[in-house]
Amino acid sequence: MKNVLVSLVSDQTVPNILGIHHFHPPELLFVSTEAMERRGKVDDMLNAVNLQDGMKYERNVNAHVVTVQEDSILDCHRELEKWIQGREDAEFVINLTGGTKLMSIAVFEFFKDYSSKMIYIPLNKNEFLSPFPKKTIKKPVPIEKRLNVVEYLAAYGLKVLNRDKLRTNREMAERRRGPAIFLIENYKELRPLLGWFNEKLNDFRNKGKISFREQYVCHCREEQMLFAKLAFDGKDGCYTKVLLKPEICFLTGGWLEEYCFNIVSEFIGRGVDDAVLGIVIENAQGRNNEFDVMFTSGNALYFIECKSLDQEHDKNWDVLYKIGALQKEFGLRVESFLVTTSPNILENDGQVKKHIAARAEQFRTEVLTPSEVADFRSFLAHRLSVQVREPQQ
C-alpha cells in the first residue's frame, strides 16, 4: 500500500517542505490553484526539497498537482475524485496548513473517509499537531528538519548564484577571525589606519591580485599589531604584501562582515541553524543582490547589512530602503539587522537620528550603533534567547 502526503499550496511554503522532509513519502499530491501555479510555488517547494540528499521528487512522476478553484468546495471535490481513481487504497497524510480556509475544509471533508492522518504544522514551530480524532488530546510531534539558507531561499523561488563559493567564504572568515575581532576591540585606535587602507585599496576591490607597497607612519601600538596580524612586511615605514581580492575586500570594510559572520557562527547548533557570508541571490525577475551575512534560525531567515567607517557617501542611510526592498523578496518571516561603525547615524546625544530610526522601524530592521557593535555576541544571544558562551581563543 502506497503512502501519499497531501499538501495544500499557498505562499507559506515552509510548513509543506517540513512535512515532506519529516514523512518522506514515496508519493506527493499538491492541491494548488491557478494563482499558485502561475507563481511557481510547487516547483519552488520541489526545488527546495530536492536539495537534500536522498530526496528526489518530480512533477507527474511521484509529485502530482491538482489545480482547484480556491473558493469552491464542490470543484475541489470533483478534481480530487478524478485524481484518486485507482489510488483509493493508499494511506494518506493530509497537511492542512496551507491553502485557503475553504480548500482546507474541502480537503478534510474529502479525505476523512479514506485511510488518512490529518496534521497541522503551526507557523514558527518545528512540530506538527494531529487534531483528529478530536476526543483524544495528542502531544505535538517534533520535526527535526531545519532549513539551511540555500533551502529557505529555494523555497521562495530565489536562486543562489555563488553557492560553490560559500564554503570558501566561510573558511577565509574563520582564518581571519582573530584580526576581525581585534579590529572591533580596538576600532577607535585603528580607525585612522582603516581609513587609510580604504583610500588606498577601494579602487582595487574587483582586482584579483595586487602588489601593495605603501609608506605609513604608525600612530600607536595597535596599528603595528594589525600590520603584524595581517602578515605585512614592514621596514622603515614601508609596508608591502601581495594582496588577493578577499584580502582587499577585508581591508576595505569586509572585516565588519566577517566579524558579524563569525559571531553568528558561534551560535550554530544552539539557536542558529545555518549561516553564510557574501551570498549572491537572483530573484524570479533575474535581479541580483548580494547579502553580507545571512542565517536561518527556527526555519526563519535573518540577514545582516554591515556598514563600516563613516559612510560619508550615504548620509541619508538609503541602505535602509535597500533592506526594505529586499525584504519583499522573501517569505513572511524575515528579520534584518543593520550593523554599523559610522558615527553619522547618531545625534549629538548618542541616539540614532530620528528619521533613520523611523525608517528602520518601517522596514522592521534593528540597528546596532557603533557603541553596540563590540557587544554583538550578547545582542544576538538575547535575540535568539540563548546564553552567551565566550569562545575559546
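Refer to the preceding data block for the structure.
Note that the coordinates shown come from a computational prediction; the quantities given were computed from them, not determined experimentally.

Q: Describe the overall build of the protein, and please don't skip the residues or the numbers.
A: Summing up its helical and strand segments, the protein has 15 helices and 16 strands in all. Viewed in the frame of its principal axes, the protein has a C-alpha envelope of about 85 × 45 × 40 Å. Expressed as a percentage of the 393 residues in the protein, the buried residues total 50%. Nonlocal contacts in the protein, meaning residues at least 24 apart in sequence, comprise 67% of its contacts between residues at least 6 apart. If you sum the accessible surface of the protein, you get close to 19,900 Å²; carbon and sulfur atoms cover 46% of it. Computed over 53 positive and 56 negative side-chain charges, the inter-centroid distance for the protein is 1 Å.

Q: Describe helix H12 (residues 319-327), listing the residues and the values that go with them.
A: Every buried residue of H12 is listed here: Val319, Leu320, Ile323, Gly324, Leu326 and Gln327. The buried residues of H12 occupy an angular sector of 165° when projected down its axis, which confines them to one face. Against the buried residues of H12 lie strand S13 (288-297), strand S14 (300-307), strand S15 (334-340), helix H13 (354-362) and strand S16 (365-368).

Q: Describe unusual backbone geometry, and please don't skip the residues or the numbers.
A: Positive phi values are uncommon outside glycine, yet alanine 231 reaches one of about 65°. Assignment of secondary structure puts alanine 231 in the loop between helix H10 (221-229) and strand S10 (233-235). Even without being a glycine, asparagine 299 presents a positive backbone phi close to 60°. Inspection of the secondary structure puts asparagine 299 in the loop between S13 and S14.

Q: Tell me about helix H3 (residues 41-49), and please be specific about residues and values.
A: Counting buried positions along H3 yields 7 of 9 residues, so the element is predominantly enclosed. Taken together, the buried positions of H3 are occupied by Lys41, Val42, Asp44, Met45, Leu46, Ala48 and Val49. Elements in contact with the buried residues of H3: helix H1 (14-23), strand S2 (27-32), helix H2 (34-38), strand S3 (63-67) and helix H6 (149-155).

Q: Requested: an account of the sheet that holds S3, with residues and values cited.
A: In spatial order, the strands read S3-S2-S1-S4-S5; together these 5 strands make up an open sheet with parallel pairing. Strands with a single pairing partner mark the edges of an open sheet, and in this sheet they are S3 and strand S5 (116-119). Neighbour to neighbour, the strand axes of the sheet diverge by 20° on average, direction disregarded. Contacts between H3 and the sheet are confined to S2 and S3, with S2 contributing the most and set at about 150° to the helix. On the sheet, helix H5 (residues 101-111) packs against strand S1 (3-8), S2, strand S4 (91-95) and S5 and is oriented at approximately 160° with respect to S1.

Q: Break down the side chain of threonine 33 for me, with residues and values.
A: Take threonine 33: it is sitting in the loop between S2 and H2. A residue is classified by how much of its surface remains accessible, and threonine 33, at 4% relative accessible area, is buried. In terms of polar contacts, threonine 33 uses its side chain to reach the backbone amide nitrogen of methionine 36, at 3.2 Å. Ignoring anything within four residues of it in the chain, the contact list for threonine 33 reads Thr67, Val68, Glu70 and Met103.

Basis of the calculations
Residues numbered from 1 in each chain as written. Predicted model: local features only at pLDDT ≥ 70, side-chain atom pairs only at ≥ 80, totals over all residues. Heavy atoms only, no water. Helix = DSSP H or I, 4+ residues; strand = E, 2+ residues; numbered from the N terminus. Buried < 20%, exposed > 50% of the residue type's maximum accessible area, 1.4 Å probe, protein only. Contact = heavy atoms within 4.5 Å. Areas by Shrake-Rupley, 256 points an atom, 1.4 Å probe, with all protein chains shown as cover. Lys, Arg positive; Asp, Glu negative; His and termini not counted. Charge placed at Lys NZ, Arg CZ, Asp CG, Glu CD. Arc of directions from axis to C-beta. Pairing = 2+ DSSP bridges. Axes fitted to C-alpha atoms, helices over the stretch in contact; angles between N-to-C directions. Polar contact = N/O pair within 3.5 Å; in protein donor to acceptor, adjacent residues only side chain to side chain.

The quantities given are spatial measurements derived from coordinates; they are silent on function.
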